[in-house]
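Survey of secondary and tertiary structure
Residues per chain are reported as follows:
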Amino acid sequence: MSRIVVLALLAALSAPAQAAPAKRAVPAKPVSQAVTCSLPVGPKDTFATVRQRFGAAAVRDKIAGAEGEELDGIVLWPADPARRLELILTDDQAHTVSSVRIVGQSRWTAGGLRLGDGLARVQQVNGKPFKLYGFGWNYGGYVNELAGGKLDSLPGGCNLSIRFEPSPMDDYPNGISGEVTLASSDARLRAARPVVAELSVRW
C-alpha cells in the first residue's frame, strides 16, 4: 500500500465524526382554542356568514334553552364533541349570533376557563370571590355576580356566562339548592366540589 493511501486512511480515521442533522420539532396540535368576542364568530354574524366561513361544519339546529325552551341556533362541528360549539341566534328578522356556548365535552376555552374547572380556578382567574345561584332549578349553578372581577367583561366588550354543576350532579348538600344565592367561599358549596359545566360568550 502506497504511503499516500496510508496517510489518507489515517486522516479519515482521525477526522471528527459529523453529527447527524437535527430533527425539526413538530409543533404539538393545540388541545383547545379560545372563544373571544370576535372569534370564531362575532356579533354581526348570521347563519349565512357562518355557513360561508365554515361550510358543512355549520348546521342550523334547535338548541336547548331554559325551562324546556328550544332556541334557534347553529351547531359548529356537530360530529366532533371536542370541537362542538353552539351558536344562539336572535329571534328578530336579522337572526344574528347573540352568544356562543361551550358545553358537553368541548375543549374550547373562554376567558381563561374551560369545562371542568372548579371554584378555586374561577376565583383565581376572576381575581375576586363571586356568587352563584343554588342548584336544582332552571337557573341553578349560574354565576350571578362577579363583583367587578376580571371576568365581568372580556376584552372586546362581550360578557361571559358561567354555569356550575356539583360533582356528582345529584349531590345537593343542605342549603345549596333552590333559588338561593351562594358565595364562592361557602363551605357547603365547596363540599359539593362543583365544576364548570357551561361557558357562554354573549354580546
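Preceding this section is the structure that the text describes.
Below: a short report on this structure. (Residues numbered from 1 in each chain as written. Predicted model: local features only at pLDDT ≥ 70, side-chain atom pairs only at ≥ 80, totals over all residues. Heavy atoms only, no water.)

1. What to know about unusual backbone geometry
The amide bond that connects Leu39 to the next residue, Pro40, takes the cis arrangement and shows omega of 0 degrees. Locating Pro40 in the fold gives a position in the loop between strand S1 (34–35) and helix H2 (47–54). At Trp77, a residue that is not glycine, the phi angle is positive and equals roughly 50 degrees. Here Trp77 lies in the loop between strand S3 (70–76) and strand S4 (85–89). For Trp77, a relative accessible area of 15% translates into the label buried. Here the phi dihedral of His95 falls at roughly 50 degrees; this positive angle occurs in a residue that is not glycine. Looking at the secondary structure, you find His95 in the loop between S4 and strand S5 (97–102). (Helix = DSSP H or I, 4+ residues; strand = E, 2+ residues; numbered from the N terminus. Buried < 20%, exposed > 50% of the residue type's maximum accessible area, 1.4 Å probe, protein only.)

2. Section: the sheet that holds strand S10 (residues 159–165)
Across the sheet, which stays open at both edges, the six strands sit in the order S2-S3-S4-S5-S12-S10 with antiparallel pairing between neighbours. The two strands at the open ends of the sheet, each matched to only one other strand, are strand S2 (58–64) and S10. Ignoring strand direction, the axes of neighbouring strands in this sheet form an average angle of 30 degrees. Pairing of S10 with strand S12 (residues 195–202), which is carried by seven bridges, proceeds in the antiparallel orientation. Counted as the bridge partner of Ile162 is Leu199 from S12. Running at roughly 130 degrees to S2, H2 makes contact with S2, S3, S4 and S5 of the sheet. (Pairing = 2+ DSSP bridges. Axes fitted to C-alpha atoms, helices over the stretch in contact; angles between N-to-C directions. Contact = heavy atoms within 4.5 Å.)

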